[in-house]
Amino acid sequence: MATATNLLETLGNLERDSFLSLLSNLIGESIHVQNNPPELIPQEDRVVKHVLNSLLPFSTTTGGGPLILNHVTYFPGRGNLIVEYPGTVPGKILSFVGCHMDVVTADPKDWDFDPFTLSIDGDKLRGRGTTDCLGHVALVTELMRKLGETKPDLKSTVVAVFIANEESGVVTGVGIDALVQHGLLNKLKEGPMFWIDSSDKQPCIGNAGMVAWKLHVIGKTFHSGITDKAINPLELAMDAIKEIQLRFYRDFPPHPQEQVYGFPIPSTMKPTQWSYPGGGINQIPGECTISGDFRLTPFYDVKDAMKKLQEYVDDINDNIQKLESRGPVSKYVLPDENLKGRLTLTFDEVLPGLACDLNSRGFHVLCKATEEVVGHVKPFSITGSLPLIRELQDEGFDVQSCGYGLMETYHAKNEYCLFTDMSQGYEVLGRIITQLED
């Protein structure tokens, strides 16, 4: 078996020319893998093609090497790719998952450079997907290529899973959810799984759940100079949201585990959008809709929070005459007309939060490898939300999360990553493999 020193020497460093050549091809496809349905449906197989071009020469498909390649497609043009480097010990396995081949949209008019062509500015590698997540696709491809080329004698089977359809939950049954449903990843439960789609070279050990909500408010239209004949839905929405927020923060206060995991802020509930049908400045509208989300640290259940929000709204509707209002004639009940304002709550996207297992071997291996390569280790949590990971944990996978892009450029214009960060990421992944040989 390969010793730790020999294995690290075999894997070497990230080969700049090979990495940049592959990344250039991937970023060149980014215009075709923007994910914003129904207008933009990514064609992830355009990325798969380049990954296969790198790996096929070292695969069982061509007879040139040990890599086992499985291109799995559930929708035309929208493939996933499972790459396996076989080890010698049955059941001893680790996996690198989460490198997704779709990207968020980019408008070239808003960028200082072409988002769909890789450009290099010193250490900066610029273009849509360099940080999220085509840079990671290229990184893990290079690692698997090196394994296939050098054929080290490993106890552990190393698996990489490149996935479709991470950036949108509108369409399902395309990416990793379908792979899990069809049992293609079951054997990965036998070892640690590293989700490679985070940032800043440190373990990301927690993220928040997210639920998007809409509150539709019905009032009564009337002339703004005759306010006592109207029910102002704008004021009702503001007063209702204040009451809902007060109850939310009472029921979901800061949790003691948030400090353990390093969450910078607790759970939050807030409006982010407002709409109404329109009308004159002297007209109180008859309805409006206020939308937003709540972010829930993973120590609370999003379904419980959804149930609570509905209870808040039901109670406000049942006791709307008690809701605090504004001024002597701002009111939400017109007894003479038997009219009351009314709230209707609906939910849209729902994502559960994740707290990684801090006692798992995968976590300790990731921390040690990070400290050895980066020079320090400082696990962090965010109240942003990452799709898919909690579902994997619930299915029995030991999921840890890390990544080598830059948080400040995620989903941003002028996206870039650093070659030195990706190089360190290559070393970290190599040391993870090495440590898990013991």
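Residues numbered from 1 in each chain as written. Predicted model: local features only at pLDDT ≥ 70, side-chain atom pairs only at ≥ 80, totals over all residues. Heavy atoms only, no water.

Caption draft 1: Region of interest: the overall build of the protein. When helices and strands are counted, the protein shows eleven helices and 20 strands. When its C-alpha atoms are laid out on the principal axes, the protein stretches across 85 × 45 × 40 Å. Residues classed as buried in the protein amount to 54% of the 438 residues present. Relative to all contacts within the protein whose residues are 6 or more apart in sequence, the contacts with residues 24 or more apart total 80%. Carbon and sulfur atoms form 50% of the exposed surface of the protein, whose accessible area is close to 18,500 Å². Across the protein, the mean location of the 38 positive side-chain charges is 3 Å away from that of the 57 negative side-chain charges. (Helix = DSSP H or I, 4+ residues; strand = E, 2+ residues; numbered from the N terminus. Buried < 20%, exposed > 50% of the residue type's maximum accessible area, 1.4 Å probe, protein only. Contact = heavy atoms within 4.5 Å. Areas by Shrake-Rupley, 256 points an atom, 1.4 Å probe, with all protein chains shown as cover. Lys, Arg positive; Asp, Glu negative; His and termini not counted. Charge placed at Lys NZ, Arg CZ, Asp CG, Glu CD.)

Caption draft 2: Structural detail: helix α4 (residues 134-150). Taking 1.5 Å per residue, 17 residues should reach 24 Å; α4 reaches 24 Å between its end C-alpha atoms and fits that length. Counting buried positions over the 17 residues of α4 gives 15, a clear majority of the element. One or two residues past the end of α4 sits K151, with phi positive at roughly 55°. (Expected span 1.5 Å × (residues − 1).)

Caption draft 3: Fine view of the packing of aromatic side chains. Inspection of every chain in the model, using the stated rule, returns nine aromatic pairs. Between F19 and F419, the aromatic rings sit 5.9 Å apart at their centres with planes inclined by 55°, giving tilted as the arrangement. Placement of F19 in helix α2 (residues 16-28) and of F419 in helix α11 (residues 419-435) is noted, with a sequence separation of 400 residues between them. Exposure class is identical for F19 and F419. Each is buried. Taking 5.1 Å as the distance between ring centres and 35° as the angle between the ring planes, the aromatic pair formed by F248 and F252 counts as tilted. For the pair F248 and F252, one class covers both residues: buried. Here the aromatic cluster, defined as three or more aromatic residues joined through ring pairs, consists of F248, Y249, F252, F294 and Y300. Above the plane of the ring of Y416 lies K124, whose end atom (NZ or CZ) is 4.6 Å from the centre. (Phe/Tyr/Trp six-rings, centres within 6.5 Å; stacked < 30°, edge-to-face > 60°. Lys NZ or Arg CZ within 6 Å of the ring centre and 35° of its normal.)

Caption draft 4: Representation of the side chain of Q400 in the model. Looking at the element boundaries, Q400 is found in strand β19 (residues 398-402). Among the polar contacts listed, one links the side chain of Q400 to the side chain of S360, at a separation of 3.0 Å. Once residues within four sequence positions are removed from consideration, Q400 is found in contact with M193, F194, W195, C356, D357, S360, G362, F363 and L366. (Polar contact = N/O pair within 3.5 Å; in protein donor to acceptor, adjacent residues only side chain to side chain.)

Caption draft 5: Molecular detail of the sheet that holds strand β5 (residues 124-126). Pairing in this open sheet of three strands is antiparallel, and the strands run β4-β5-β20 from one edge to the other. Every other strand in the sheet has two partners, leaving β4 (119-121) and β20 (416-418) as the edge strands with one partner each. Pairwise comparison of adjacent strand axes, ignoring direction, gives a mean angle of 25° for this sheet. In this sheet, β5 lies alongside β4 in antiparallel orientation, the contact comprising three bridges. (Pairing = 2+ DSSP bridges. Axes fitted to C-alpha atoms, helices over the stretch in contact; angles between N-to-C directions.)

Caption draft 6: The sheet that holds strand β9 (residues 209-218), seen in detail. Overall, antiparallel pairing links the four strands, which are arranged β11-β13-β9-β16 in an open sheet. Looking at the sheet topology across the chains shown, the edges are occupied by β11 (268-275) and β16 (342-351). For this sheet the average axis-to-axis angle between neighbouring strands, irrespective of direction, equals 25°. Set on the sheet, helix α8 (residues 302-318) makes contact with β9, β11, β13 (287-296) and β16; between it and β16 the angle comes to about 170°.

Caption draft 7: Main features of the UniProt feature "domain: Peptidase M20 dimerisation" (unreviewed entry) in the protein. Using the residue numbers shown here, the UniProt feature "domain: Peptidase M20 dimerisation" (unreviewed entry) corresponds to residues 205-318. Span residues 205-318 is 37% helix and 31% strand, its end C-alpha atoms 42 Å apart. (UniProt positions renumbered as here; feature names shortened; annotations may be inferred.)

Caption draft 8: Looking closely at the pattern of salt bridges. Under the definition given, this model contains 20 salt bridges. D394 is paired through a salt bridge with R390; the nearest N and O atoms lie 3.0 Å apart. Of this pair, D394 and R390 are both found in helix α10 (residues 389-394), four residues apart, which corresponds to roughly one turn of the helix. Of the residues examined, R390 reaches a relative accessible area of 24% and is grouped as partly exposed. When salt bridges that share partners are traced, they join E15, E142, R145, K146 and E149 into one network. (Salt bridge = Lys/Arg side-chain N within 4 Å of Asp/Glu carboxyl O.)

Caption draft 9: Unusual backbone geometry, seen in detail. Cis geometry is adopted by the peptide bond preceding P38, which originates at P37 and carries an omega value of 5°. Counting through the fold element by element, P38 comes out in the loop between α2 and α3 (45-55). Across the junction of D132 and C133, the peptide omega takes the value 0°, indicating a cis bond. Here C133 shows up in the loop between β5 and α4. A positive phi angle, near 55°, is found at K151, a position not held by glycine. Inspection of the secondary structure assignment puts K151 in the loop between α4 and β6 (157-163). Positive phi is not limited to glycine here, since D200 has a value of about 65°. Along the polypeptide, D200 turns up in the loop between β7 (192-196) and β8 (204-207). With a relative accessible area of 37%, D200 lands in the partly exposed category.

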